[in-house]
Amino acid sequence: MQKLQELLGEIRKEFHLRHGHEFGFSGSQSEAHFDITTQAAIAYIQGLAMSGKIQQMQEMVKGGEEALRDSLYYDELIQKCADSYYALNWDSERKKHLAVIALTCALQGLRERFIAGGYSNDTSGILKFLGLDSGMLGLMGKTSGMFNMFKKK
């Protein structure tokens, strides 16, 4: 996940340049809210993976903004991100707007870097892009199977 954090660190500066003025943020405020948004999104997506929804997670990540918006999990993801803005006394809709803009910027930046890097558009390519070893998918699959036994039937 360190590689992902490095990539997002690069993109966070782009977020301020493109959108900081829209929200009235200073550079450090933009960076902090971008980080809060991406951390909340990563935690949510990891939860999907751990619950056995690896395919859905991959489709959201690979497909970019359009696939994210078409996902069954989009509204819940945006709400989780908006809920993470504890320090903002904004209304719910403005928080959701910030979440959408920050996630769109993050996904677009990741997608541009993924394409520029020439990675294959499959699980192996995504794991390589993120700096994860290909054994990670097997571990995630085994772990999700283990967590499935705790689900109510």
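About the thresholds
- Each chain has its residues counted from 1, following the order in which its sequence is written.
- Selection of residues for local features in this predicted model requires a pLDDT of at least 70, selection of side-chain atom pairs for listing and counting requires 80 or more, and totals for whole chains, interfaces and linings are taken over all residues.
- Heavy atoms from the whole structure form the basis of all side-chain values; hydrogens and water molecules are not counted.
- Secondary structure counts use DSSP, requiring at least four H or I residues in a row for a helix and at least two E residues in a row for a strand, with both numbered from the N terminus.
- Here's how the labels work: a residue is buried when its accessible area is under 20% of the maximum for its type, exposed when over 50%, partly exposed in between, all with a 1.4 Å probe on protein chains only.
- Whether two residues are in contact is decided by their heavy atoms, any of which lying within 4.5 Å being enough.
- Computed with the Shrake-Rupley method and a 1.4 Å probe, the accessible areas treat only the protein chains shown as cover for residues.
- Put simply, a salt bridge is a Lys or Arg side-chain nitrogen that is within 4 Å of an Asp or Glu carboxyl oxygen.
- Confidence of the predictor at the level of single residues is captured by pLDDT, which takes values from 0 to 100.
- Where helices are involved, their axes are fitted lines through C-alpha atoms of the stretch in contact, as for all axes, and angles between N-to-C directions lie from 0 to 180°.
- Any angle from 65 to 115 degrees is called roughly perpendicular, while one under 35 is roughly parallel, one over 145 is roughly antiparallel, and all others are oblique.
- Here is the rule for handedness: rotate from the far helix to the near one, and if that takes an anticlockwise turn smaller than a right angle the crossing is left-handed, while a clockwise turn gives right-handed.
- Three classes are used: nonpolar for Ala, Val, Leu, Ile, Met, Phe, Trp, Tyr, Cys and Pro, charged for Asp, Glu, Lys and Arg, and polar for all others, with Gly counted as polar.

**A short note on the overall build of the protein**
Moving on, step 1. A count of helices and strands for the protein gives seven helices and zero strands.
Moving on, step 2. Along the protein, from the amino end to the carboxyl end, the secondary structure elements read α-α-α-α-α-α-α.
Moving on, step 3. Here the protein, with 153 residues, has 42% of them falling under the buried criterion.
Moving on, step 4. Nonlocal contacts in the protein, meaning residues at least 24 apart in sequence, comprise 62% of its contacts between residues at least 6 apart.
Moving on, step 5. Of the accessible surface of the protein, which amounts to about 8800 Å², a share of 55% is contributed by carbon and sulfur atoms.

**Section: the pattern of salt bridges**
Moving on, step 1. The full count for this structure, using the stated rule, is seven salt bridges.
Moving on, step 2. Residue Glu-14 is joined to Arg-113 by a salt bridge in which the shortest nitrogen-to-oxygen separation is 2.6 Å. With a gap of 99 residues between them, Glu-14 in helix α1 (residues 2–23) and Arg-113 in helix α5 (residues 92–116) connect regions that are remote in the sequence.
Moving on, step 3. Relative accessible area serves as the criterion here: at 19%, Arg-113 is assigned to the buried category.
Moving on, step 4. Between Glu-93 and Lys-96 there is a salt bridge; the shortest N-O distance is 3.9 Å. A residue pair is termed a helical-turn pair when its members lie 3 or 4 positions apart in one helix, as Glu-93 and Lys-96 do in helix α5 at three residues.
Moving on, step 5. By sharing partners, the salt bridges in this structure join Glu-10, Glu-14, Arg-18 and Arg-113 into a single network.

**Quick word on the confidence of the model for the protein**
Moving on, step 1. Averaged over every residue, the pLDDT of the protein is 81; the share at 70 or more is 78%.
Moving on, step 2. Per-residue pLDDT, averaged within each element of the protein, yields its smallest value for helix α7 (residues 135–148) (46) and its largest for helix α4 (residues 74–83) (93).
Moving on, step 3. Predicted confidence is poor over residues 140–153, with pLDDT under 50, and the contacts of this stretch with residues over four places away or in other chains come to 13 contacts.

**Describing the packing of α1 against α5**
Moving on, step 1. Between α1 and α5, the least distance of the axes is 9 Å, while the angle of their chain directions is 130°. By the angle between their axes, α1 is oblique relative to α5. For α1 against α5, the interelement crossing comes out right-handed. Two secondary-structure elements touch here, α1 through Leu-4, Leu-7, Leu-8, Glu-10, Ile-11, Glu-14, Phe-15, Arg-18, His-19, Glu-22 and Phe-23 and α5 through Arg-94, His-97, Leu-98, Ile-101, Ala-102, Cys-105, Ala-106, Gly-109, Leu-110 and Arg-113.
Moving on, step 2. Here the contact of α1 with α5 is built from residues that sort into 12 nonpolar, three polar and six charged.

**Remarks on the packing of helix α2 (residues 27–50) against α5**
Moving on, step 1. Relative orientation of the contacting elements α2 and α5 amounts to 80°, with a least axis distance of 9 Å. Our classification of the angle between α2 and α5 gives roughly perpendicular. Residue-level inspection shows His-33, Phe-34, Thr-37, Thr-38 and Ala-41 of α2 in contact with α5, the latter providing Leu-98, Ala-99, Ala-102, Leu-103 and Ala-106.
Moving on, step 2. Within the contact of α2 with α5, the residues separate by chemical class into seven nonpolar, three polar and no charged.

**A short note on the environment of Gln-55**
Moving on, step 1. The topology assignment puts Gln-55 in helix α3 (residues 54–70).
Moving on, step 2. Its relative accessible area of 47% is what places Gln-55 among the partly exposed residues.
Moving on, step 3. Spatially, the C-alpha atom of Gln-55 lies 9.6 Å from that of Thr-123, the residues being 68 residues apart in sequence.

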